[in-house]
Amino acid sequence: MSATAVVGLQWGDEAKGKIVDLLTSEHDVVVRYQGGNNAGHTVKFDGQTYKLSLLPAGILRDGITSVVATGVVINPKAFLGELDGIESRRGKVAPEKFLVSDRAHVIFPYHMAEEAVLENSRKNDEKIGTTMRGIGTCYREKAGRTHAIRVGDMLYPDQFKRRLTEIVEFKNRMLAALDPEFKPFDAEAIFTEYSAYTERLKPYICDTTAFLHHALAAKKRLLFEGAQGSLLDLDHGTFPFVTSSSSSGCGIHSGSGVPERAITRMIGVVKAYTTRVGGGPFPTELNNEIGQHIRDVGHEYGTVTGRPRRCGWFDAIAAGYGARLSGVDCISVMLLDVLSGLDELKICEAYEINGERTTDFPSHVERLAQVKPVYRTLPGWKSEIAHIRKVADLPANARRYVDTIAELLCSQVEIISVGPDREQTILG
Ligand code: GDP
Ligand code: IMO
Ligand code: MG
């Protein structure tokens, strides 16, 4: 049995897409197991840039089977739009090479409307700052069960229509009560629209759990592509400023149906600094010219929403917690090149909360908001590193910086990334 998992250890956008693409050639099957089109994974090679949201990065390589597993929430319109975009650039994706779980839950327009009402009802500093893709409201229906529709349900038109009509009537009443400007949804129109999506999706829909079990038995090499990051995990992240799925390594088993013991290599991905999009405390945030410098050099603007990402120093307490949650075997340090040119760099190695020092990550955001980061200051390096391909060729201070991350995360760094392209990678 061989399965690799790639998970983000921070608040998302750690460049998981690049690592998954890099490792795809050593695998047979690439699996997305949680999240939805809130994710934005960028892959660059041969002078081309691909932005993937719902489709696994495996879709970009020939001979790979891509799986969108049970724990994902699917907006069929976004899904098919993305598939069309990829097919127009890379040719037809054969149905036997692309599988969509019949158990995955479906996002409908009322999920987005409900999310907008909920977000707008919160005060500015309490807004989660979601991607407004209906992710949280769809997962809520999944947990609540009464108003949930799964991909496989759409294959039974009569039942699907009956359920959808009941749900839309309920949502119309609820949303009209909450928003005076709300225009009711037309169940018939949604049914017609989603029936057309179902026709197109049909060749891809199957029991992906059974497929993955057979793949494991046949000794196929699986690669799990995490979305979001460990600190956005619904149970273990900075609740309520999280996403609504298990976005740490904890979600692989529940989201795919593949037992955790099948994972033979868990790779934790971190940026060489920290970013966050949306609300919530961020102890090492830099609201100054260094933060802006990192944003400019790292092009730190959201792949999905275009929002400027909040930037800060590397937080080894936050990322270390992410690493322990996911049980990583090794670390990939990404975007190291972005830090070139800074005189000195800081890494948060402890938190001080109400005068007490700790290396534990707080369970409540109220406590996280009180954190005073304790920094270790390291000398920077002046030269560009984007062309370097061997650890030994990195400036001594860059090596020292990476070694410090490894030391504080109690793990080893196996991959260092010095640019967005597939080639701009140093394997340790
Ligand atoms: P993901 O959501 O974790 O897959 O990450 P994103 O794709 O949202 O964000 C990572 C961004 O960094 C993308 O624009 C990548 O092209 C880019 N990137 C990846 N690795 C590197 C790197 O080593 N250096 C630089 N400068 N950019 C990188
Ligand atoms: P990738 O896979 C960074 C953040 C949103 C918001 C919170 C909840 O590209 O790393 P949601 O729409 O999921 O209910 O929003 O989670 N968020 C991400 N931040 N990268 C992502 O994905 C994210 N997906 C969601 O900004 O703060
Ligand atoms: Mg992203």
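Before reading on, note that the structure itself is shown above.
Summary of the structure given here. (Residues numbered from 1 in each chain as written. Chains lettered and ligands numbered in written order. Predicted model: local features only at pLDDT ≥ 70, side-chain atom pairs only at ≥ 80, totals over all residues. Heavy atoms only, no water.)

**A short note on the coordination of the magnesium ion (ligand 3)**
Then comes step 1: Bound to the magnesium ion (ligand 3) on the protein side are Asp 13 (OD) and Gly 40 (O), at distances that span 2.0 to 2.2 Å. You can see Asp 13 sitting in the loop between β1 (2-8) and α1 (16-24) and its partner Gly 40 sitting in the loop between β2 (29-32) and β3 (41-45), a full 27 residues away along the chain. (Donors = N, O, S within 2.8 Å, 3.2 Å for Na, K, Ca; no water. Helix = DSSP H or I, 4+ residues; strand = E, 2+ residues; numbered from the N terminus.)

**Here's the deal with the site of ligand 2**
Then comes step 1: In the vicinity of ligand 2 lie 20 residues, with Asp 13, Lys 16, His 41, Thr 131 and Thr 243 positioned nearest.
Then comes step 2: Here Asp 13 contributes a backbone N or O atom positioned 2.7 Å from an oxygen atom of ligand 2.
Then comes step 3: One of the side-chain N or O atoms of Asn 38 is found 2.9 Å from an oxygen atom in ligand 2.
Then comes step 4: Relative to its free-state accessible area of 550 Å², ligand 2 is covered by the protein chains to the extent of 97%.
Then comes step 5: Taken atom by atom, the bulk of ligand 2 overlaps the largest pocket.
Then comes step 6: Its residues assigned to classes, the shell around ligand 2 shows 7 nonpolar, 10 polar and 3 charged. (Near = heavy atom within 4 Å. Polar contact = N/O pair within 3.5 Å; in protein donor to acceptor, adjacent residues only side chain to side chain. Areas by Shrake-Rupley, 256 points an atom, 1.4 Å probe, with all protein chains shown as cover. 1 Å grid on protein atoms, 1.4 Å probe; cavity = no way out; pocket = protein on both sides within 12 Å on 5 of 7 lines; lining within 4 Å. Sits in = over half its atoms within 2 Å of the grid points. Nonpolar A, V, L, I, M, F, W, Y, C, P; charged D, E, K, R; others polar.)

**A short note on the state of the cysteines**
Throughout this description, disulfide means a covalent bond between two cysteine sulfur atoms.
Then comes step 1: Counted by the stated rule, this structure contains 0 disulfides.
Then comes step 2: In this structure Cys 206 is a free cysteine whose sulfur lies 19 Å from that of Cys 138, the closest cysteine sulfur available.
Then comes step 3: Residue Cys 311 stays outside any disulfide, its sulfur separated by 16 Å from that of Cys 348, the closest cysteine. (Disulfide = S-S within 2.5 Å.)

**Examining unusual backbone geometry**
Then comes step 1: Residue Pro 240 is bonded to the preceding Phe 239 through a cis peptide linkage, with omega at 5 degrees.
Then comes step 2: Within the secondary structure, Pro 240 is located in the loop between β10 (221-225) and α8 (251-256).
Then comes step 3: In the Ramachandran plot, Asp 13 falls in the positive-phi region, its phi being about 60 degrees despite a non-glycine side chain.
Then comes step 4: Of note in this structure, Lys 219 is not a glycine but carries a positive phi near 65 degrees.

**Some remarks on the site of ligand 1**
Then comes step 1: Taken together, 19 residues lie around ligand 1, and Lys 16, Gly 40, Thr 42, Asp 337 and Ser 417 are the ones closest in.
Then comes step 2: Taking Gly 40, its main chain carries an N or O atom lying 2.8 Å from an oxygen atom of ligand 1.
Then comes step 3: A distance of 2.5 Å separates an oxygen atom of ligand 1 from a polar atom in the side chain of Ser 417.
Then comes step 4: Considering ligand 1 on its own, with 590 Å² of exposed area, one finds that the protein chains cover 92% of that surface.
Then comes step 5: For ligand 1, the cavity whose grid points lie within 2 Å of the majority of its atoms is the second largest pocket.
Then comes step 6: Only α1 and β3 provide two or more residues apiece to the shell around ligand 1.
Then comes step 7: Here the shell around ligand 1 is composed, by residue class, of 5 nonpolar, 7 polar and 7 charged.

**A few points about empty space enclosed by the protein**
Then comes step 1: Counted according to the given criterion, the structure contains 1 cavity of 30 Å³ or more.
Then comes step 2: Quantified by volume, the largest cavity comes out at close to 30 Å³.
Then comes step 3: Gly 237, Thr 238, Phe 239, Phe 361, Pro 362, Ser 363, His 364, Val 365 and Leu 368 are the residues that line the largest cavity.
Then comes step 4: Its residues placed into classes, the lining of the largest cavity shows 5 nonpolar, 4 polar and no charged. (Points joined across faces, edges and corners; volume = space filled by probe spheres on them.)

**A closer look at the layout of surface pockets**
Then comes step 1: In this structure, the largest pocket encloses a volume near 890 Å³.
Then comes step 2: Around the largest pocket sit 43 residues that line it, and Ile 128, Thr 130, Val 242, Thr 243 and Ser 244 are the ones nearest its centre.
Then comes step 3: Elements with a contribution of two residues or more to the lining of the largest pocket: α3 (109-120) and α4 (135-144).
Then comes step 4: In this model, the second largest pocket occupies a volume close to 580 Å³.
Then comes step 5: Along the wall of the second largest pocket there are 27 residues; nearest its centre are Thr 42, Gly 298, Arg 309, Leu 335 and Pro 420.
Then comes step 6: Listing elements by their share of the lining of the second largest pocket, those giving two or more residues are α1, β3 and β4 (48-52).
Then comes step 7: The leading source of residues in the lining of the second largest pocket is β3, at 4 residues.
Then comes step 8: The class makeup of the residues in the lining of the second largest pocket is 8 nonpolar, 10 polar and 9 charged.

**Looking at helix α12 (residues 396-409)**
Then comes step 1: The end-to-end C-alpha distance of α12 is 20 Å, a good match for the 20 Å that 14 residues give at a rise of 1.5 Å each.
Then comes step 2: Among the residues of α12, those classed as buried are Ala 398, Tyr 401, Val 402, Thr 404, Ile 405, Ala 406 and Leu 409.
Then comes step 3: Looking one or two places after α12, you find Cys 410, whose phi comes out positive at around 50 degrees. (Expected span 1.5 Å × (residues − 1). Buried < 20%, exposed > 50% of the residue type's maximum accessible area, 1.4 Å probe, protein only.)

**As for the environment of Ala 57**
Then comes step 1: Along the chain, Ala 57 turns up in the loop between β4 and β5 (65-68).
Then comes step 2: Spatially, the C-alpha atoms of Ala 57 and Phe 182 are 38 Å apart, while their sequence positions differ by 125 residues.
Then comes step 3: Those residues in contact with Ala 57 that lie beyond four places of it in its chain are Gly 17, Val 20, Asp 21, Val 30, Val 43, Leu 52 and Glu 225. (Contact = heavy atoms within 4.5 Å.)

**A short note on the sheet that holds strand β15 (residues 330-334)**
Each strand in a sheet pairs with its neighbour through backbone hydrogen bonds, running either in the same direction (parallel) or in the opposite one (antiparallel).
Then comes step 1: Ordered in space as β9-β7-β5-β2-β10-β1-β11-β15-β19-β20, the 10 strands form an open sheet in which the pairing is mixed. Each of the sheet's edge strands pairs with one partner strand only, and the pair in question is β9 (205-206) and β20 (425-427).
Then comes step 2: Sitting on the sheet, α1 is in contact with β1, β2, β10, β11 (265-271), β15, β19 (413-417) and β20, with an inclination near 165 degrees to β1.
Then comes step 3: Across the face of the sheet, helix α7 (residues 208-217) comes into contact with β2, β5, β7 (98-101), β9 and β10 while running at roughly 140 degrees to β5. (Pairing = 2+ DSSP bridges. Axes fitted to C-alpha atoms, helices over the stretch in contact; angles between N-to-C directions.)

Fair warning: the whole summary comes from geometry, so function is off the table for now.
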